[in-house]
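Examination of the molecular architecture
The lines below spell out each chain.
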Amino acid sequence: MKKLFYKIFVNNSIISFLSSPIMGIVVPPLVGLYYGTLDIWGEDWKIIKDYKEIHEFVFLMLASLTVLILFLKGLSEQFKGIVNKKYQNILESLVVFFNDLVKKKKDRFYQKAKNVKPNADIFKIITQPKDQLDFVLDGTKTLLKNGFEIEPKNIAITIIQGVPSEAKWWYEFKCDSQKQHTKAKQIMEGSSTASYCYKNGESIFISDIRKGLKENIFLTSERSKKSTIGSIYCKPVRINVNSIDFVYIFTMVIYGEFLCTPYDEEECKACERLLDEVGDRVELELYLHSIRKYKDSGGKAA
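For clarity, every value in this text was computed on a predicted model and none was experimentally measured. (Residues numbered from 1 in each chain as written. Predicted model: local features only at pLDDT ≥ 70, side-chain atom pairs only at ≥ 80, totals over all residues. Heavy atoms only, no water.)

Moving on, we get to the overall build of the protein. In terms of helices and strands, the protein carries 13 helices and 5 strands. The burial tally for the protein puts 37% of its 302 residues in the buried class. Looking at the protein as shown, the accessible area adds up to about 18,200 Å², and 58% of this sits on carbon and sulfur atoms. (Helix = DSSP H or I, 4+ residues; strand = E, 2+ residues; numbered from the N terminus. Buried < 20%, exposed > 50% of the residue type's maximum accessible area, 1.4 Å probe, protein only. Areas by Shrake-Rupley, 256 points an atom, 1.4 Å probe, with all protein chains shown as cover.)

What follows is the structure, given as structure tokens:
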């Protein structure tokens, strides 16, 4: 029902045409001129008085269409206003998200620089990727809460790491360590979105997890069984440090809500681009995390 309502009153070619400049600039004066002609010269001009029934029909049709068009445009503008306000809110939240990430690093660099020694390990001192990744995941949750108005309890953000050659998978990072997650190995060895994007090597956004279930690229869990709707985004990250491979899967799952309107193609594409931006920030920090792990472990992946 919501999809039908959205297609009728918000996103279709008829509504787009009614909102076009020609309908707002050209048509109203022409209709007004016709009404004025009927009122002023209706009793004098033969083309009007000799075809009175036709003009009555045209007048009623135009009047009815005017009322209908105004009604449709009013509804459309109301919903578009809500959508525009939502986009503005998302944009502001995204700016805050990126600014907070920069500020976090700047503050750390500032504090560390005050006491740094000439012979110190600068990389180890200023590079704290684990703390930064925890901050990124928390910031992403806040972005979804403030920008998309998603309930925090419905958000699950994780980073799975693995050694595929040894069939080892584990959660390297969790946004909420108190939540129970499906075992990482079960996810990566099953028909999951994370497994699918890892095998394809590309990020994927599924605006409606029901579609993922139909296409066998979403693995049901105890939590997803209780939530018939939702959205999921996954991004695979492969990093090579001196011939050692580090493999990660960054995942955001929304349960019980949609991240965007699943039947609006343009909105879904815009949402995916935004999530890719967040994923790129996570990938950057994972590069530093991998180099730090490689150094601290003496050249091992795990």
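What follows concerns the pattern of salt bridges. If you walk through the whole model with that rule in mind, you get 11 salt bridges. K293 is paired through a salt bridge with E172; the nearest N and O atoms lie 3.3 Å apart. Of this pair, K293 sits in helix α13 (residues 265-296) while E172 sits in strand β2 (residues 168-174); the two residues are 121 residues apart in sequence, bridging distant segments of the chain. Taken together, the shared-partner salt bridges connect K235, D280 and E283 into one network. (Salt bridge = Lys/Arg side-chain N within 4 Å of Asp/Glu carboxyl O.)

In a regular helix each residue adds 1.5 Å, so 32 residues correspond to 46 Å; α13 covers 45 Å between its end C-alpha atoms and thus fits that length. Immediately beyond the C-terminal end of α13, within one or two residues, lies G298, with a positive phi of roughly 75 degrees. (Expected span 1.5 Å × (residues − 1).)

On to the packing of aromatic side chains, then. One pass over the full model with this rule turns up 3 aromatic pairs. When the ring of W169 is compared with that of Y198, the centres are 5.4 Å apart and the planes differ by 75 degrees; the resulting orientation is edge-to-face. Of this pair, W169 sits in strand β2 while Y198 sits in helix α10 (residues 193-200), and the two are 29 residues apart along the sequence. Residues Y233 and F250 carry aromatic rings whose centres are separated by 6.4 Å and whose planes lie at 70 degrees to one another, so their mutual orientation is edge-to-face. Here Y233, found in strand β4 (residues 230-241), pairs with F250, found in strand β5 (residues 244-255); they are 17 residues apart in sequence, far enough to count as distant. Exposure remark for Y233: the relative accessible area of 1% places this residue in the buried category. The lysine or arginine in question, R281, covers the ring of F98, its NZ or CZ lying 4.4 Å from the ring centre. (Phe/Tyr/Trp six-rings, centres within 6.5 Å; stacked < 30°, edge-to-face > 60°. Lys NZ or Arg CZ within 6 Å of the ring centre and 35° of its normal.)

The set of residues buried in α10 consists of T193, A194, S195, C197 and Y198. Two residues or fewer past α10, G201 is found with a positive phi of approximately 75 degrees.

What follows is about the environment of Y255. Along the chain, Y255 falls in strand β5. Linking Y255 and E151, residues 104 residues apart in sequence, is a C-alpha distance of 9.3 Å. If we skip the residues at most four places from it in the chain, Y255 touches N154, A156, S221, R223, S224, S227 and I229. (Contact = heavy atoms within 4.5 Å.)

The subject of this paragraph is the side chain of Q161. Tracing the sequence through the fold places Q161 in strand β1 (residues 155-163). A distance of 3.0 Å separates a polar atom in the side chain of Q161 from a polar atom in the side chain of K293. (Polar contact = N/O pair within 3.5 Å; in protein donor to acceptor, adjacent residues only side chain to side chain.)

Before going further, it helps to examine the sheet that holds β5. The 5 strands are arranged β2-β1-β5-β4-β3 in an open sheet whose pairing can be described as antiparallel. In this open sheet, the two strands that pair with only one neighbour each are β2 and β3 (204-206). In this sheet, neighbouring strand axes are inclined to one another by 20 degrees on average, regardless of whether the strands run parallel or antiparallel. Where β1 lies against β5, 8 bridges are found, and the strand directions are antiparallel. Following the sheet pairing, I160 is matched in β5 by I249. The sheet strands contacting helix α8 (residues 129-148) are β1, β2 and β5, and the helix crosses β1 at an angle near 145 degrees. (Pairing = 2+ DSSP bridges. Axes fitted to C-alpha atoms, helices over the stretch in contact; angles between N-to-C directions.)

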